[in-house]
Amino acid sequence: MNKNCKIYLDIDGVLLMKDGSIPDFSVELISFLKENFECYWLTTHCRGGENKAVQYLSKYYPTEIIEKLKTISPAYWNDLKTEVIDFDSMFFWLDDYAMEAEKKVLNSYNKLNSLILVNLKNSNELKAVLDKIKRANP
């Protein structure tokens, strides 16, 4: 895997189900991403300069996973999540939703394929996401 590749990671709808439960395969996904990529929070829990991502997740995930999550750097943004993406690097952005304006920004950099939209209603969704990242990243 390529440690120079960045992961931008949302929380709600990616690492947490709508009901607050932990989705299947999330622990494996977190472990793999932390071992193989430079990871950043790209979530409303870091919007406007606040970093409440780990505090929020600590209500749901076991301590050993929270320790891994503490090493993920926050990406602070205000209006569009794309404000903080490093378009000069290879990256994957895992989110359950991207605004049309964000998709336009990605497209203008020819990076729309770096967005992985997660739908936790799909069975084994995070396993499929992990497989996609493994296939796409040398």
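Please read all numbers here as calculations on a predicted model, not as lab measurements. (Residues numbered from 1 in each chain as written. Predicted model: local features only at pLDDT ≥ 70, side-chain atom pairs only at ≥ 80, totals over all residues. Heavy atoms only, no water.)

Peer 1: Outline the overall build of the protein chain, listing residues and values.
Peer 2: Scanning the protein chain from terminus to terminus reveals 5 helices and 5 strands. Reading the secondary structure of the protein chain in the N-to-C direction produces β-α-β-α-α-β-β-α-β-α. For a compact globule of 138 residues, the expected C-alpha radius of gyration is about 14 Å, and the protein chain comes in at 14 Å, within 12% of that figure. Across its three principal directions, the C-alpha atoms of the protein chain cover 40 × 35 × 30 Å. Within the span of the protein chain, comprising 138 residues, buried residues form 47% of the whole. Of the contacts made within the protein chain by residues no fewer than 6 positions apart, 68% connect residues no fewer than 24 positions apart. For the protein chain, the accessible area works out to roughly 7,200 Å², and carbon and sulfur atoms hold 47% of it. (Helix = DSSP H or I, 4+ residues; strand = E, 2+ residues; numbered from the N terminus. Rg over C-alpha atoms; globule rule 2.2 N^0.38 Å. Buried < 20%, exposed > 50% of the residue type's maximum accessible area, 1.4 Å probe, protein only. Contact = heavy atoms within 4.5 Å. Areas by Shrake-Rupley, 256 points an atom, 1.4 Å probe, with all protein chains shown as cover.)

Peer 1: Provide a residue-level description of the pairing of strand 1 (residues 6–9), including the pertinent values.
Peer 2: The side-chain alternation of strand 1 yields two buried faces, one formed by Lys6 and Tyr8 and the other by Ile7 and Leu9. As paired elements, strand 1 and strand 2 (residues 38–41) share 4 bridges and run parallel to each other. By the bridge assignment, Ile7 is partnered in strand 2 with Cys39. Of the crossover connections in this fold, the one passing from strand 1 over helix 1 (residues 26–36) to the parallel strand 2 is right-handed. The pairing of strand 1 with strand 4 (residues 91–95) spans 4 bridges and is classified as parallel. Opposite Lys6, over in strand 4, you have Phe91 as the bridge partner. (Pairing = 2+ DSSP bridges. Right-handed = clockwise from strand over helix to strand, strands pointing away.)

Peer 1: So, the nonpolar core: which residues are in play, and what are the values?
Peer 2: One broad trend across soluble globular proteins is that nonpolar side chains are buried collectively. Grouped together as the largest cluster of nonpolar side chains are 33 residues, with contacts concentrated most on Leu33, Trp41 and Leu94. Listing elements by their share of this core, those giving two or more residues are strand 1, helix 1, strand 2, helix 2 (53–57), helix 3 (63–69), strand 4 and helix 5 (125–136). Residue contacts for Leu94: discarding those within four places in its chain leaves Ile7, Tyr8, Leu9, Asp10, Val14, Leu29, Leu33, Ile116, Val118, Val129 and Ile133. Judged by nonpolar contacts, the second largest core, of 12 residues, contains Tyr8, Ile85, Leu106 and Leu115. (Core = buried A, V, L, I, M, F, W, Y, C linked by side-chain atoms within 4.5 Å.)

Peer 1: Lay out the side chain of Ser114 with the relevant residues and their values.
Peer 2: Position of Ser114 relative to the elements: it lies in the loop between helix 4 (100–108) and strand 5 (115–117). On the accessibility criterion, Ser114 (8% relative accessible area) is buried. Engagement of the side chain of Ser114 in a polar contact is seen with the backbone oxygen of Phe91, the distance being 3.1 Å. Ser114 has contacts with Phe91, Phe92 and Trp93, leaving out every residue within four places of it along the chain. (Polar contact = N/O pair within 3.5 Å; in protein donor to acceptor, adjacent residues only side chain to side chain.)

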